[in-house]
Amino acid sequence: MESLTLLVEALFQIIDPAAIANLPWYIGVPGVLIIALSVLRAFTSLLRLRLIRAFVSLVGAIVIAIMLTNFGKLADVYTVVPS
């Protein structure tokens, strides 16, 4: 159980919701919806005992969240402030 806690803590260090919130709405909102639908699909697949599909959906959601976090950090760096 401790290793699962360490894994979740490591994921939350990689995934930054504030960086995702820095994205423009036309990138951030669909991205968050895709993540939510992937997690929902993983949950329903887990309830139906389709473990491989649940695992693939959950990993896909995590990968998309990590990508959106990186894009959000880049958007913060490359923000142009009009003078």
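For the structure, see preceding data.
Each chain carries its own residue numbering, running from 1 in the written order of its sequence. Residue-level local features of this predicted model are given only where pLDDT is at least 70; pairs of side-chain atoms are given and counted only at 80 or more, and the full residue set underlies all totals for whole chains, interfaces and linings. The basis for every side-chain value is the complete set of non-hydrogen atoms in the structure, without hydrogens or water.

Topic: the overall build of the protein chain
So, step 1. To qualify as a helix, a DSSP run of H or I must reach at least 4 residues; to qualify as a strand, a run of E must reach at least 2; elements of each kind are numbered from the N terminus. Summing up its helical and strand segments, the protein chain has four helices and zero strands in all.
So, step 2. Taking 12 Å as the expected radius of gyration for a compact globule of 83 residues, we find that the protein chain reaches 15 Å, considerably beyond that expectation.
So, step 3. A total of 83 residues make up the protein chain; the buried ones form 20% of that total.
So, step 4. Considering only residue pairs separated by 6 or more positions, the protein chain has 71% of its internal contacts joining residues 24 or more positions apart.
So, step 5. Accessible surface area values rest on a Shrake-Rupley calculation with a 1.4 Å probe, where residue burial reflects the displayed protein chains alone. Total accessible area computed for the protein chain in this model is approximately 6600 Å², and 73% of it derives from carbon and sulfur atoms.
So, step 6. For the purpose of counting charges, residues Lys and Arg are taken to be positive, whereas Asp and Glu are taken to be negative. His and the chain ends are not included. We put the charge of a Lys on NZ, of an Arg on CZ, of an Asp on CG and of a Glu on CD. With 5 positive and 4 negative side-chain charges, the protein chain shows a spacing of 25 Å between the two charge centroids. Just to be clear, the radius of gyration here is over C-alpha atoms, and the globule rule we use is 2.2 Å times residues to the power 0.38. For each residue, the accessible area found with a 1.4 Å probe, counting protein chains only, is set against the maximum for its type, and the residue is called buried under 20%, exposed over 50%, and partly exposed in between. Whether two residues are in contact is decided by their heavy atoms, any of which lying within 4.5 Å being enough.

Examining the side chain of Ser57
So, step 1. Note that Ser57 resides in helix 4 (residues 51-77).
So, step 2. For Ser57, a relative accessible area of 7% gives the class buried.
So, step 3. Excluding its chain neighbours within four sequence positions, the residues that come into contact with Ser57 are Ser38, Arg41 and Ala42.

Thoughts on the layout of surface pockets
So, step 1. In this structure, the largest pocket occupies an estimated 170 Å³ of space.
So, step 2. A cavity here means a set of points on a 1 Å grid, drawn over the protein atoms and nothing else, where a 1.4 Å probe fits but cannot get out; a pocket is an open set with protein on both sides within 12 Å along at least five of seven lines, and a residue lines either one if it has an atom within 4 Å of a point. Every residue along the wall of the largest pocket is listed here: Leu11, Phe12, Ile15, Ile35, Val39, Leu58, Ala61, Ile62 and Ala65.
So, step 3. Mapped by element, the contributors of at least two residues to the lining of the largest pocket are helix 1 (2-14), helix 3 (25-47) and helix 4.
So, step 4. In terms of residue count, helix 4 provides more of the lining of the largest pocket than any other element does, four residues in total.
So, step 5. Residues are sorted three ways: Asp, Glu, Lys and Arg are charged, Ala, Val, Leu, Ile, Met, Phe, Trp, Tyr, Cys and Pro are nonpolar, and all the rest, Gly among them, are polar. For the lining of the largest pocket, the class distribution of residues is nine nonpolar, no polar and no charged. Grid points are joined across faces, edges and corners, and a volume is the space filled by probe spheres set on the points.

Topic: the nonpolar core
So, step 1. Only buried residues count toward a nonpolar core. Its members are Ala, Val, Leu, Ile, Met, Phe, Trp, Tyr and Cys residues joined through side-chain atoms within 4.5 Å. Core analysis: the biggest nonpolar cluster contains seven residues, these being Ile15, Ile20, Leu23, Ile35, Ala61, Ala65 and Leu68.
So, step 2. For this core, the element with the highest residue contribution is helix 4, accounting for three residues.
So, step 3. If we skip the residues at most four places from it in the chain, Leu68 touches Ile20, Leu23, Ile27, Gly31, Val32 and Ile35.

What about the environment of Gly31?
So, step 1. You can see Gly31 is positioned in helix 3.
So, step 2. Residue Gly31 is classed as buried on the basis of its relative accessible area, which comes to 7%.
So, step 3. A C-alpha to C-alpha distance of 16 Å links Gly31 and Leu74, two positions 43 residues apart in sequence.

The analysis is restricted to geometry; functional conclusions fall outside its scope.
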